[in-house]
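The lines below spell out each chain.
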Amino acid sequence: MEKREMLYEGKAKRVYSTDVEDVLIVDYKDDATAFNGLKKGTIIGKGVINNRMSNYMFKKFEAAGIPTHLVEEPSDRAPPVRTPKIVPLQALTRNVAGGRSTTKLGIAEGTKLLQPTLEFSYKNDALGDPFINDSYALALGLATQEELDRIAELAYKVNEVAKAYFLECGIDLIDFKLEFGRYQGQIILADEMSPDTCRLWDSKTHEKLDKDRFRRDMGNVEDAYHEVFHRIGLE
């Protein structure tokens, strides 16, 4: 497969066309950003870890009946993927209070929720990815009700699979965000699942093993990413 023109460069990835129809190559970068790009830096090795971990988890999701954009994993950093039309919504699933939910709802970080929650944000960098509900998503034509229902179904299924697996590795899945796309008439999981997009805490010590270490200047960011990589058996 031949990598051709760069179609897009985002905060964490570059996307290239290929000589195969409906297949792109996604090149994961070591660049790190937070607060909608206001804070920038580099996490050495992040691109390889995020790529390989995402592909590893997506294979588990596929085995559980969750369709994904994954094609194969020929390299450490730049896998080919299917080309869904991304639904402009981020689906954020929470098991434990963390991040914005603590200030928005006035609850302490680490509070275990009585059930998993799901919320959407409008995928728009210029607006800071604001919270959006189903009614607005429908009114703006961002998705149909059938698509919203399917995204919710898949997000909760991803949570079920990932939460159980991470727990086996001594990691609590606090929350995570997902993106979905339309591909050949169905909704499929896209983007990634990594310490960039998940809050992951050590099950015993509650040490943060994710991007919050970068956001909050906690130090040992690379060590945390490698620890997750090690625990899930990829290092």
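See the structure shown above.
Computed from a prediction, not measured in an experiment: that's the story for all the values here.

Once that is clear, we can look at the pattern of salt bridges. By the definition in use, this model includes 24 salt bridges. Here K29 and E9 are joined by a salt bridge, their closest N and O atoms 2.9 Å apart. Taken together, the residues span a long stretch of sequence, with K29 in the loop between β3 (23-28) and β4 (31-34) and E9 in strand β1 (residues 3-9) at a distance of 20 residues. Accessibility expressed as a relative area gives 7% for K29, which makes it buried. Given the relative accessible area of 40%, E9 is considered partly exposed. Counted as one network, the salt bridges with shared partners bring together R94, K104, E109, E119, D175, R199, K208, D212, R215 and R216.

On to the nonpolar core. Grouped together as the largest cluster of nonpolar side chains are 47 residues, with contacts concentrated most on F61, L89, F166, F180 and M193. Only β4, α1 (46-63), β7 (85-96), α4 (145-168), β10 (171-183), β11 (186-190), β12 (198-202) and α6 (221-231) provide two or more residues apiece to this core. Looking at which element gives the most residues to this core, the answer is α4, with nine residues. When sequence neighbours within four positions are dropped, the list of residues in contact with F180 reads I86, V87, A91, I151, L154, A155, I187, I188, L189 and A190. With five residues, the next largest nonpolar core counts V15, L24, Y28 and V81 among its residues.

Pairing in this open sheet of four strands is antiparallel, and the strands run β1-β2-β3-β6 from one edge to the other. Strands with a single pairing partner mark the edges of an open sheet, and in this sheet they are β1 and β6 (80-82). Geometrically, the sheet is characterised by an average inter-axis angle of 40° between neighbouring strands, direction not taken into account.

Attention now moves to the packing of α1 against α4. When two helices pack together, their arrangement is given by the angle between their axes and by how far apart the axes lie. Where α1 contacts α4, the axes come no closer than 10 Å and their chain directions differ by 115°. Along this stretch, α1 crosses α4, giving a crossing that reads as right-handed. Of the residues in α4, those in contact with M53, Y56, M57, K60 and F61 of α1 are V158, V161, A162, Y165 and F166. Within the contact of α1 with α4, the residues separate by chemical class into nine nonpolar, no polar and one charged.

Along the polypeptide, L209 turns up in the loop between β12 and α5 (212-215). Considering only alpha carbons, one finds L209 and P195, 14 residues apart in sequence, at a separation of 7.1 Å. Residues contacting L209, with those up to four places away along its chain left out, are I171, P195, L200, W201, D202, A224, E227, V228 and R231.

Looking now at the side chain of E147. Following the sequence through the fold, E147 ends up in helix α4. Judged by its relative accessible area of 15%, E147 falls in the buried class. Those residues within four positions of E147 in sequence are excluded, and the remaining contacts are R182 and I187.

The element strand β2 (residues 13-18) is largely enclosed, with a buried count of five among its six residues. Here β1 folds back onto β2 in antiparallel fashion, the turn holding three residues. Bridging between β2 and β3 involves five bridges; their strand directions are antiparallel. Across the sheet, residue R14 finds its bridge partner in β3, namely D27. Counting the residues between successive antiparallel strands, the hairpin from β2 to β3 contains four residues, one of them, D22, with a positive phi of roughly 65°.

Calculation rules
- Residues numbered from 1 in each chain as written.
- Predicted model: local features only at pLDDT ≥ 70, side-chain atom pairs only at ≥ 80, totals over all residues.
- Heavy atoms only, no water.
- Salt bridge = Lys/Arg side-chain N within 4 Å of Asp/Glu carboxyl O.
- Helix = DSSP H or I, 4+ residues; strand = E, 2+ residues; numbered from the N terminus.
- Buried < 20%, exposed > 50% of the residue type's maximum accessible area, 1.4 Å probe, protein only.
- Core = buried A, V, L, I, M, F, W, Y, C linked by side-chain atoms within 4.5 Å.
- Contact = heavy atoms within 4.5 Å.
- Pairing = 2+ DSSP bridges.
- Axes fitted to C-alpha atoms, helices over the stretch in contact; angles between N-to-C directions.
- Left-handed = near helix turned anticlockwise from the far one by under 90°.
- Nonpolar A, V, L, I, M, F, W, Y, C, P; charged D, E, K, R; others polar.

Shape descriptors only; they carry no functional weight alone.
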